[in-house]
Amino acid sequence: MTRIKRGTTTRLKHKRLLDKAKGYRGRRKNTIRVARQAVEKAGQYAYRDRKVKKRTFRALWIQRINAAVRAEGLSYSQFMHGVKLAGIELDRKVMADLAMNEGPAFAGIIKQAKAALPA
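All residue numbers refer to position in the chain's written sequence, counted from 1. In view of the model being predicted, local features appear only for residues whose pLDDT reaches at least 70, and side-chain atom pairs are presented and counted only at 80 or more, with totals across whole chains, interfaces and linings using the full set of residues. The side-chain values count all of the structure's non-hydrogen atoms but skip hydrogen atoms and water molecules.

Before going further, it helps to examine the nonpolar core. Generally speaking, a soluble globular protein has its nonpolar side chains buried in company with each other. Core analysis: the largest hydrophobic core is formed by 16 residues, its most contacted members being Ile65, Val69, Phe79, Val83, Met95, Phe106 and Ile109. Counting from the N terminus, the helices are the DSSP runs of H or I reaching at least four residues and the strands are the DSSP runs of E reaching at least two. Looking at this core, the elements that each hand over two or more residues are α2 (32–70), α3 (76–86), α4 (92–101) and α5 (103–116). Apart from the residues within four sequence positions on either side, Phe79 is in contact with Ile65, Val69, Leu74, Met95, Phe106, Ile109, Ile110 and Ala113. Throughout, nonpolar core names a set of buried Ala, Val, Leu, Ile, Met, Phe, Trp, Tyr and Cys residues whose side chains join them through atoms within 4.5 Å. Buried means the residue's accessible area, taken with a 1.4 Å probe over protein chains only, is under 20% of the maximum for its type, while exposed means over 50%, and partly exposed covers the values in between. Any two residues whose heavy atoms approach within 4.5 Å at even a single point are treated as in contact.

Before going further, it helps to spend a moment on α3. All of the buried residues along α3 are Tyr76, Phe79, Met80, Gly82 and Val83. Buried residues in α3, looked at end-on, bunch into an arc of 160 degrees, giving them a common side. Exposed side of α3, more than 90 degrees from the buried face: Ser77 and Lys84 are the residues found there. Looking at the buried side of α3, the elements it contacts are α2, α4 and α5. Immediately beyond the C-terminal end of α3, within one or two residues, lies Gly87, with a positive phi of roughly 80 degrees. What the arc measures is the spread of directions leading from the helix axis to the C-beta atoms.

Read these as layout, nothing more, since geometry by itself doesn't imply function.
The following block contains the structure:
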């Protein structure tokens with residue numbers, strides 16, 4: 001039986017790993033053992049931060065809505081309660097975009113929300 005040399009397989013594995021570590025500083029970009037740890041940790045951060053990104057954007061949308069609503073004399077919570085009572089089914093992302101770019105349209109939504117609130 002002939003001897004099988006594994007060099008090509010290992011080299012491909014290492015090359016794939018080092019390609020992922022491209023742009024890292026120091027030995028993290030060219031030493032297999034250190035690069036493997038760095039790439040694994042980067043994957044953990046990426047996985048975690050895909051979840052954090054959603055939270056961050058929701059917080060941003062809430063801040064934008066709050067700023068626009070306070071100019072009309074309402075708080076964010078009062079506005080959201082009025083929106084729910086008025087039956088307006090727009091999510092925060094769309095409302096934040098309206099508040100930023102379509103002021104008159106958002107003012108109409110605020111007016112509807114105010115009208116739906118109990119006096």
